[in-house]
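Here is how the chains run, residue by residue.
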Amino acid sequence: MTGGAERPEPVKGPEPVERPELGAVPETALWTLWHRAVEARRPDTVLADPKAVELVDRIDFPFAQRFGQNALAAQLQGLRAACFDREVADFLTRSPRGTVVGLGDGLETQAWRVDNGRANWLSVDLPETAALRERLLPPDERHRILACPATDPRWMDAVDPANGVLISTEGLLMYLRPDEVRDLIAACAERFPGGSLVLDAVPRWISRRAVEGKLKDRHYQAPPMPFGMDADERGKLAAAHPAVTDVREVYPEGGREPLRTLLPLVRPVRRRPSVVALRFADA
């Protein structure tokens, strides 16, 4: 080497530790994780989620090539997650030692965003996704992982309802059949009196296009979504069980312009995605 200061070795980031291979529906866990991380990296983010950023950096997967990098889609995912966060945070204010159940939880990092240090968290998902979550987000005394389909009521046996229960189904129900959605809501209403359930739904036209294999862009094709519900149909959810006593839409808040201005204006639109909170009657 000739004269002059020695060139320092380049600093390398942490090596990826996981190379996931998931089926079409479980792979949506990576899709939502990626978009949360894309949004969280922004200085003006609508969702502070450093854990999502950390996970994307640890997973050896071609996220950008597989899913693209759409700033609007990322912001919408962040706003959707924030709707669920507000409901969970409100629940934990009322029931600080309650249990939050994440059905189809994937690689959701909500517990790192709104945990109060006292609540219990149960992540329920298909075995392949639950195994990936265990490796990336190891369970502990307050954060448990259960490999079980959301439609299998055995997961309910793992829930202690003594201090209150909130069931979150973010990004799940659209992949179930309508009868499975109805049966799941009914089972939760019967098993967890005084509890609540938060869900999101795609409108019927999106469901139809996904079932037909037409919901795609140059990067990604969404798997079939058999369950669709227009925003003005949310009242029909009460028909699932007599114990469903309250049905309320949870609207996104904030956002960057022009989305901040547009979101309140589209509330009267029927055929749009929605987030809905259900309350169950006390025993």
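Rules behind the numbers
- Residues numbered from 1 in each chain as written.
- Predicted model: local features only at pLDDT ≥ 70, side-chain atom pairs only at ≥ 80, totals over all residues.
- Heavy atoms only, no water.
- Axes fitted to C-alpha atoms, helices over the stretch in contact; angles between N-to-C directions.
- Helix = DSSP H or I, 4+ residues; strand = E, 2+ residues; numbered from the N terminus.
- Parallel < 35°, antiparallel > 145°, perpendicular 65-115°, else oblique.
- Contact = heavy atoms within 4.5 Å.
- Nonpolar A, V, L, I, M, F, W, Y, C, P; charged D, E, K, R; others polar.
- Core = buried A, V, L, I, M, F, W, Y, C linked by side-chain atoms within 4.5 Å.
- Buried < 20%, exposed > 50% of the residue type's maximum accessible area, 1.4 Å probe, protein only.
- Phe/Tyr/Trp six-rings, centres within 6.5 Å; stacked < 30°, edge-to-face > 60°.
- Lys NZ or Arg CZ within 6 Å of the ring centre and 35° of its normal.
- Salt bridge = Lys/Arg side-chain N within 4 Å of Asp/Glu carboxyl O.
- Pairing = 2+ DSSP bridges.

All right, on to the packing of helix H1 (residues 28-40) against helix H4 (residues 71-94) then. Axis separation between H1 and H4 bottoms out at 8 Å; the angle between their running directions is 100°. When the axes of H1 and H4 are compared, the pair comes out roughly perpendicular. Residues Trp31, Thr32, His35, Arg36, Val38 and Glu39 of H1 touch H4, and the partners they reach there are Ala71, Ala73, Ala74, Gln75, Gln77, Gly78, Arg80 and Ala81. Partitioning the contact of H1 with H4 into residue classes produces six nonpolar, five polar and three charged.

In terms of nonpolar packing, the biggest core is built from 32 residues, with Val101, Leu103, Trp155, Ile167, Cys188 and Leu278 touching the most fellow members. At the level of secondary structure, the elements contributing two or more residues to this core comprise strand E1 (99-103), strand E2 (120-125), strand E4 (165-169), helix H7 (178-191), strand E5 (196-201) and strand E7 (274-280). Top element by residues in this core is H7. It accounts for five residues. When sequence neighbours within four positions are dropped, the list of residues in contact with Leu278 reads Ile185, Gly195, Ser196, Leu197, Leu199, Leu237, Val244, Asp246 and Val247. The next biggest cluster of nonpolar side chains, apart from the first, holds 28 residues, and it includes Leu33, Val53, Met174 and Ala222.

Relative to the helices and strands, Leu184 is located in helix H7. Given a relative accessible area of 6%, Leu184 falls into the buried group. Expressed as a C-alpha distance, the spacing of Leu184 and Pro153, which sit 31 residues apart in the sequence, is 8.2 Å. Among residues more than four places away in sequence, those in contact with Leu184 are Leu103, Ala150, Trp155, Leu173 and Leu176.

Once that is clear, we can look at the packing of aromatic side chains. According to the stated counting rule, one finds seven aromatic pairs in the structure shown. Considering the side-chain rings of Phe61 and Phe63, the 5.1 Å spacing of their centres and the 65° angle between planes classify their relative orientation as edge-to-face. Across the pair, Phe63 and Phe61 agree in class, each one buried. The positively charged end of Arg267 is found above the aromatic ring belonging to Tyr251, 4.0 Å away from the centroid.

In the structure shown here, the tally under the stated rule is 30 salt bridges. Between Glu253 and Arg86 there is a salt bridge, with the nearest N and O atoms lying 3.7 Å from each other. Of the two residues, Glu253 is situated in the loop between strand E6 (244-249) and helix H9 (259-265) and Arg86 in helix H4; the sequence distance between them amounts to 167 residues. Take Arg86: its relative accessible area is 27%, and that puts it in the partly exposed class.

Further remarks concern the environment of Asp183. One can find Asp183 in helix H7. Considering only alpha carbons, one finds Asp183 and Ala210, 27 residues apart in sequence, at a separation of 22 Å.

This paragraph deals with the sheet that holds E7. Strand order in this open sheet of seven strands is E3-E2-E1-E4-E5-E7-E6, and the pairing throughout is mixed. The two strands at the open ends of the sheet, each matched to only one other strand, are strand E3 (143-147) and E6. The mean angle between the axes of side-by-side strands here comes to 20°, regardless of whether they run parallel or antiparallel. Each of E1, E2, E4, E5, E6 and E7 touches H4; the most contacted strand, E4, lies at about 175° to it.

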